[in-house]
Amino acid sequence: MDDGSIDVKRAARDAAYAMPLADINPADPELFRTDTWGPYFERLRAEDPVHWAVSAEEDVGGYWSVTKFNDIMAVDTNHEAFSSEPTIVLPDPAEDFTLPMFIAMDPPKHDVQRKTVSPIVAGPNLAKMEAVIRERAGEILDECPIGEAFDWVDKVSIELTTMTLATLFDFPWEDRRKLTRWSDVATASPESGVFSSTDPEVAENERRAELFECVDYFMRLWNERVNAPPKSDLISMLAHGEATRDMDRMEYLGNLILLIVGGNDTTRNTITGSVLALHQNPDQDRLLRGNPELIPAMVSETIRWQTPLAYMRRRATRDFELGGKTIREGDKIAMWYVSGNRDEEVIERPNDYWIERPRVRQHLSFGFGIHRCVGNRLAELQLKIIWEEILRRFPKVELVGEPQRVFSSFIHGYTHLPVRVETRN
């Protein structure tokens, strides 16, 4: 870490501890864009682990921040007291634009809709996909320029995950980058740079227009698949599934967005995060290159270290005591996975990137309980394969500029990562 980075980290820590505790709003996306969120959560874990925060955003308002590993587990595994409805993000949905999706549903509807799509990411189908993912990963890496700078996010991370997502949907190959765009649009704020204007009304109108374009495109695919024999792609599964075949247009769109974001943003940001983490920890890079059998452990450590979704929201269905605080019925709760994954009381050396970590799979990034990430094994498979192929080809992936991060407190990721590969093996 250079002196400039040290100064930024020191200033962030000073600011976090100088601020009145009651004023800390960990959902401020600027903390994530500037990568200065760590000290704020460190302080909350130490001084107020179940913390009432108030956002300046009208559609967020007041909410509870749960920041310690075991408290997050207590919320995440108790879906009766902590509902996922109506949404998994802090901003409340607009009354005229709600997007039902099974991750934001409670049983029994959640269970039957999740069961409809889960076979596509189960073991037998993953075994079929492995060779395809490996072939594509090799092609992507072989097309990376040698000796000149390029954007790893665009050239590698987005390309691999978008190819995989297009395969899961059996989506027209030439239009696959539409999936990336719709994923970005679905989760972006007006200030993100994704839209033509930072004006909230303009940005929201653009977002809705593009998401309607998304559902119209997928409706054409639905109509093709529903009138054909059932196949093993996600759209056919939804069109023929007993629990999903009668979805209305907005519920179809909601589940599409869930599957697109879940299959795209999270894995692509962890692929990018792995390059950054190994650059920042050259001893771990050398260790990995000398011991490729550590790739699965490195994948799990990166998923913890990166935490690609910073939080999930819940709603209290009744009064509940947690960490000495009374959460009232109807209150919002943010389970900060990004903080729980740094909890000093549960995770040894939590701020270190340590690929030989004991119990390396002990992390919160996939969630727990009935909403545990349905595609976690596919995410791990893509990361494992891309790093096996990287080590075969590149002796080093060098950062040549600062990473640019997503302006979001939900999607914890990157928009650009400038790198250079000097030689091939």
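Below: a short report on this structure. (Residues numbered from 1 in each chain as written. Predicted model: local features only at pLDDT ≥ 70, side-chain atom pairs only at ≥ 80, totals over all residues. Heavy atoms only, no water.)

### Focus on a negative patch on the surface
Here is step 1: Together, D28, E57, E58, D59 and E191 make up a region of like negative charge exposed at the surface.
Here is step 2: As for its placement among the helices and strands, E58 is situated in the loop between strand 1 (50-54) and strand 2 (62-66). (Patch = residues over 30% accessible without salt bridge, like charges linked within 9 Å, V, L, I, M, F, W, Y side chains within 5 Å. Areas by Shrake-Rupley, 256 points an atom, 1.4 Å probe, with all protein chains shown as cover. Salt bridge = Lys/Arg side-chain N within 4 Å of Asp/Glu carboxyl O. Lys, Arg positive; Asp, Glu negative; His and termini not counted. Charge placed at Lys NZ, Arg CZ, Asp CG, Glu CD. Helix = DSSP H or I, 4+ residues; strand = E, 2+ residues; numbered from the N terminus.)

### What to know about the nonpolar core
Here is step 1: Judged by nonpolar contacts, the single largest core of 129 residues is most densely connected at W152, F169, F218, W336 and W387.
Here is step 2: Look past the residues within four positions of W387 in its chain and what remains in contact with it is S274, V275, L278, L288, R289, I295 and M298. (Core = buried A, V, L, I, M, F, W, Y, C linked by side-chain atoms within 4.5 Å. Buried < 20%, exposed > 50% of the residue type's maximum accessible area, 1.4 Å probe, protein only. Contact = heavy atoms within 4.5 Å.)

### Looking at the packing of helix 8 (residues 177-187) against helix 11 (residues 249-280)
Here is step 1: Where helix 8 contacts helix 11, the axes come no closer than 9 Å and their chain directions differ by 95°. Classified by the interaxial angle, the pair formed by helix 8 and helix 11 is roughly perpendicular. Contact residues: L179, T180, S183, D184, A186 and T187 in helix 8; I257, I260, V261, N264, D265 and R268 in helix 11.
Here is step 2: Residues that form the contact of helix 8 with helix 11 fall into these classes: five nonpolar, four polar and three charged. (Axes fitted to C-alpha atoms, helices over the stretch in contact; angles between N-to-C directions. Parallel < 35°, antiparallel > 145°, perpendicular 65-115°, else oblique. Nonpolar A, V, L, I, M, F, W, Y, C, P; charged D, E, K, R; others polar.)

### Overview of unusual backbone geometry
Here is step 1: Here the residue pair E85 and P86 is connected by a cis peptide bond, since its omega of 5° sits within 30 degrees of zero.
Here is step 2: Here P86 is to be found in the loop between strand 3 (82-83) and helix 5 (109-117).
Here is step 3: Of note, the bond from P107 into P108 is cis; its omega dihedral lies within 30 degrees of zero at 5°.
Here is step 4: Along the polypeptide, P108 turns up in the loop between strand 3 and helix 5.

### Things to note about the pattern of salt bridges
Here is step 1: Counted by the stated rule, this structure contains 42 salt bridges.
Here is step 2: In this structure, R393 and D142 form a salt bridge, with 2.7 Å as the shortest nitrogen-oxygen distance. With R393 in helix 15 (residues 376-393) and D142 in helix 6 (residues 123-142), this residue pair connects regions lying 251 residues apart in the sequence.
Here is step 3: Its relative accessible area of 17% is what places R393 among the buried residues.
Here is step 4: Linking R207 and E204 is a salt bridge whose minimum nitrogen-to-oxygen distance equals 3.0 Å. On the criterion of helical spacing, the pair formed by R207 and E204 is a turn pair, its members being three residues apart in helix 9 (residues 200-226).
Here is step 5: Exposure remark for E204: the relative accessible area of 24% places this residue in the partly exposed category.
Here is step 6: Each of E130, R134, D142, K384, E388, E389, R392, R393 and R424 takes part in one network of salt bridges that share partners.

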